[in-house]
Amino acid sequence: MRKRNILAKSIAIAVAVIWALPFIGIVMTALRPSREVLYGWWYPPFHFSIRNFVNAWTHPTAALGIGLRNSLQVAIGATVLPTFVASLMAYGLGRLRFPGRGPLLMLIGLLLALPQQMIAWPLFREMHALGLLNSLAGLVLAHSAWGLPWIVFFLRGYIETLPVELEEAARIDGAGRWKTFMYVIFPLMLPALASVMVLQFTWVWNDFFLALILIFDPNKMVLTQRIPLLRGQYHVDWGLLSAGALITMLVPLLVFVFLQRYFVRGLIGGAVK
Amino acid sequence: MRSSPRAEPRGRGEGKPRKGLPLIFWRPSRRREEWVAALGFLAIGLVLIGFFVIWPSIRTLWLSLFDADGFAGVRNFARLFGDREIVDLGRFLRREPPWGALLHNLVWVCVHLPFTVGLGLVLAVVFSKIRSWWVGIARGAIYLGIVTPLIVGGVIIRFLFDKHAGMAPQILGALGAPVPWSAGWTAYPETALLALVIGSIWLWTGFSMVLHSAGLSTIDRELYEAAQIDGASELAQFRYITLPLLRPVTLVVAAMTFLWELKIFDIVYVATMGGPGGASNVLALEMYFSAFRELDPYRASAIATLITLFSLPVGYWFARRRLRR
């Protein structure tokens, strides 16, 4: 029994070290003056400097300050919009029995596995035609539509676990479908909505591909797009890049730390249930 | 427990009332009215999905059947398989990278899939056995990988394997390893892909661990107690209780991981740009280059369709599984 515990504990220690070290390295590199970390962030002497963060925040070609603002706008927009639209859809698909419901569900389910590359080129052309290229609104629309299938699937699964008796009661009291949805179903869905919003927000924030193809105006670029630009053509300034990486990670990290419960519940519900 | 294995009927079976459904919500005479009501709830979403997801997909599929000269049938796909950027079997057999994007994706699947799924499973089990604050730290560090934007993940991978600033080459160099291993991994064709795959294991194991941990918590403790009374060893308990009961979770994790590997893009884009000399190129990146650098939508569409063809069977299995409830 004791030997077993020692083994398990040493695995935990090894994993903790291996998994944490790269992050520690990034933090150390970001917080130290560049010349100190040229040949490895682990060598002394250690001096503290926030130069890297300042430089990344106000970088001449990839200012992260502007990127952060854009990312926030896109991520909030592309979280609120699809969550609301998807909750309507989920109710329609979860509670109403209409012809074509099965195939429709199947279609939406298949879209979960679709790679973004499949829509890239025509989406680019479409956005161009609509004048939404290089606009945060266009990116919000693209992300919203892209997120809808999984959110619908998630919420539909949740709605089907709710007791129908509540809706029957509302129905008997004379509430129509819309009222039933607004006053009975929607409030009951709030825990699921929290999970959905936390996950969708993180995913949109972390997304790179859609932003890459839809936005190229330097003022409109989101945070993730600016990271590759921070890397010089010939010389990599690791201090600058690490600071940029940390700034980009900060928001999802905060979301995860404070809303971990919803995040994990969302992952589990989305995949396993 | 669901009673019937195929509770999601197709076609006409739709009309049958399902267990637990109140009659007021379903009546044959109400079908039409039901349909109109459903449309009200679905309309906005269907327009969005239709316009920004389904229509573009159909366009891509359509474009993949054409080239600059007109209708091409499956010629684009035939060309892809003769294209050294996509498949280079000769070099693969001689083990000289680059092997082409498709083979790189396959290598990714063959290495990354068993590692992340297995490691996540084992760690979930091990961490459930002991109480120690090291477990908390380890869990926290592994979880970090799930929330890290992949673009940042790519930067960290590059950093980890950098010639001067990176830990891996420095440590290996101190141990006396020869050049590609003790130099910047991402700068050598022999090691670039491996560096990315290792890095992606580091990033993705958290997902596997979270789901397996959740699966573990649903297993009845009494099963283990019974097994202990019968004298089953820890290993036997894992083999005959944990593993079979976690199988559904493991399958889902494997499926999601497979999809993740097929569309891998951000990491490669920021860490190596598919280089050096295409040695770490992947399908998604090749598609991007084709569409937005070489402006060849036909080839790009064929590559995108190829990725989708690999993804859809898994997606179908997954959707069936989730709709079966």
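The rules behind each value
- Residues numbered from 1 in each chain as written.
- Chains lettered and ligands numbered in written order.
- Predicted model: local features only at pLDDT ≥ 70, side-chain atom pairs only at ≥ 80, totals over all residues.
- Domains from an automatic or database assignment.
- Contact = placed C-beta atoms within 7 Å.
- Nonpolar A, V, L, I, M, F, W, Y, C, P; charged D, E, K, R; others polar.
- Axes fitted to C-alpha atoms, helices over the stretch in contact; angles between N-to-C directions.
- Helix = DSSP H or I, 4+ residues; strand = E, 2+ residues; numbered from the N terminus.
- Parallel < 35°, antiparallel > 145°, perpendicular 65-115°, else oblique.
- Left-handed = near helix turned anticlockwise from the far one by under 90°.
- Core = buried A, V, L, I, M, F, W, Y, C linked by C-beta atoms within 7 Å.
- Buried ≥ 20, exposed ≤ 12 C-beta atoms within 10 Å, placed from the backbone.

What follows is about the domain arrangement of chain A. By a widely used convention, the size of an interface equals the accessible area lost when the partners come together. Residues and elements named next belong to chain A. You can read the domains of chain A as domain 1 (1–49) and domain 2 (65–271). Of note, the centres of domain 1 and domain 2, computed from C-alpha atoms alone, are 34 Å apart. Taken residue by residue, the interface counts seven residues in domain 1 and seven residues in domain 2. For the side of domain 1 that touches domain 2, a count of residues per class yields four nonpolar, two polar and one charged.

Residue and element names in this part refer to chain A. The interhelical angle for the contact between helix α6 (residues 136–159) and helix α9 (residues 190–206), taken along N-to-C directions, is 155°, at an axis separation of 11 Å. The angle between α6 and α9 places the two elements in the roughly antiparallel class. Pair α6 / α9 crosses with right-handed handedness. Note on element contacts: α9 touches α6 through Ala192, Val196, Gln200 and Val204, opposite His143, Gly147, Ile151, Phe154, Leu155 and Tyr158. The class makeup of the residues in the contact of α6 with α9 is seven nonpolar, three polar and no charged.

So, on to the interface of chain B and chain A. Counting residues at the interface gives 89 residues for chain B and 88 residues for chain A. At 17 residues, the largest contribution of residues to the side of chain B that touches chain A is made by helix α1 (residues 31–63) of chain B. The residue makeup of the side of chain B that touches chain A, split by class, is 65 nonpolar, 13 polar and 11 charged.

Turning next to the nonpolar core. Note on soluble globular proteins: their nonpolar side chains tend to be buried together. Among the nonpolar cores identified, the biggest contains 180 residues, and Val152(A), Leu155(A) and Ala138(B) are the most heavily contacted of them. Looking at which element gives the most residues to this core, the answer is α6(A), with 16 residues. Those residues in contact with Ala138(B), other than ones at most four positions away along the chain, are Ala12(A), Val15(A), Ala16(A), Trp19(A) and Phe127(B).

Residues and elements named next belong to chain B. Assigned domains within chain B: domain 1 (23–78) and domain 2 (82–323). Measuring from the centre of the C-alpha atoms in domain 1 to the corresponding centre in domain 2 gives 32 Å. Facing the 10 residues of domain 1 at the interface are nine residues of domain 2. Within the residue set of the side of domain 1 that touches domain 2, elements represented by two or more residues are α1, β1 (66–67) and α2 (75–82). For the side of domain 1 that touches domain 2, the class distribution of residues is six nonpolar, three polar and one charged.

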